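Secondary and tertiary structure notes
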Amino acid sequence: MRTKVTGVTFSNEDGTSRASIIARMSETDTICLERDPYNMYDSNAVKVCVLMDGVKQQIGFLEKGLAAELSPKMRRGANFPVTIVGCGIYYERPYCEIEIDGI
């Protein structure tokens, strides 16, 4: 399933800009999904992270409806491989589209 990563214009808790992380990404980077059960807005939230230079950095979240579907499965141990379909800056706005396998 293809989907766009949401929340890409916000900053992370440590102050890093998700947009600047996405600007440095390439389609060959490693992406992973990580549950965020203590998220104050959505207990089913699923973070989308990239591994760059050995450091995992958040670039956004899955859309709320998709997260509600995947988070309980992830809690039970399911793993969903993710690949980057496209990423970068488009009309001065960051974007990242991913493909999630196994849904």
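Just so it is clear, the model here is predicted, and its values are computed rather than measured.

Thresholds applied
Residues numbered from 1 in each chain as written. Predicted model: local features only at pLDDT ≥ 70, side-chain atom pairs only at ≥ 80, totals over all residues. Heavy atoms only, no water. Core = buried A, V, L, I, M, F, W, Y, C linked by side-chain atoms within 4.5 Å. Buried < 20%, exposed > 50% of the residue type's maximum accessible area, 1.4 Å probe, protein only. Helix = DSSP H or I, 4+ residues; strand = E, 2+ residues; numbered from the N terminus. Contact = heavy atoms within 4.5 Å. Polar contact = N/O pair within 3.5 Å; in protein donor to acceptor, adjacent residues only side chain to side chain. Expected span 1.5 Å × (residues − 1). Pairing = 2+ DSSP bridges. Axes fitted to C-alpha atoms, helices over the stretch in contact; angles between N-to-C directions. Patch = residues over 30% accessible without salt bridge, like charges linked within 9 Å, V, L, I, M, F, W, Y side chains within 5 Å. Areas by Shrake-Rupley, 256 points an atom, 1.4 Å probe, with all protein chains shown as cover. Salt bridge = Lys/Arg side-chain N within 4 Å of Asp/Glu carboxyl O.

**Notes on the nonpolar core**
- Membership of the largest hydrophobic core comes to 24 residues, with the highest contact counts inside it found for M25, L33, I59, L62 and I100.
- Counting only elements with at least two residues in this core, the list comes to α1 (18-24), β2 (30-35), β3 (46-52), α2 (64-75), β5 (82-90) and β6 (93-100).
- The residues touching L62, leaving out its near neighbours within four places in the chain, are T3, T6, L33, V46, V48, A67, L70, I98 and I100.

**Let's talk about the side chain of D42**
- In this fold, D42 is placed in the loop between β2 and β3.
- Here N44 takes part through its backbone nitrogen, which lies 2.9 Å from a polar atom of the side chain of D42.
- Setting aside residues no more than four positions away along its own chain, D42 makes contact with D36 and K64.

**Description of α2**
- In a regular helix each residue adds 1.5 Å, so twelve residues correspond to 16 Å; α2 covers 16 Å between its end C-alpha atoms and thus fits that length.
- Every buried residue belonging to α2 is among L66, A67, L70, S71, P72 and M74, and all of these are buried.
- In this structure, the buried residues of α2 make contact with β1 (2-4), β2, β3 and β6.
- The N-terminus of α2 is capped by E63, whose side-chain oxygen sits 2.7 Å from the backbone nitrogen of G65.
- Directly beyond the C-terminal end of α2, a positive phi value near 105° is found at G77.

**Some thoughts on the sheet that holds β6**
- The strand order across the open sheet built from three strands is β1-β6-β5, with neighbouring strands paired in antiparallel fashion. The open sheet terminates on both sides in strands that have one partner only, identified here as β1 and β5. The average angle at which neighbouring strand axes cross in this sheet is 20°, direction not considered.
- As defined by bridge partners, β1 adjoins β6 across three bridges and the pair is classed as antiparallel. Residue pairing in the sheet places T3 in a bridge with I98 of β6.

**Description of a nonpolar patch on the surface**
- On the surface, Y90, Y91 and Y95 cluster together to form a nonpolar patch covering roughly 410 Å² of accessible area.
- Looking at where Y95 falls in the secondary structure, it is placed in strand β6.

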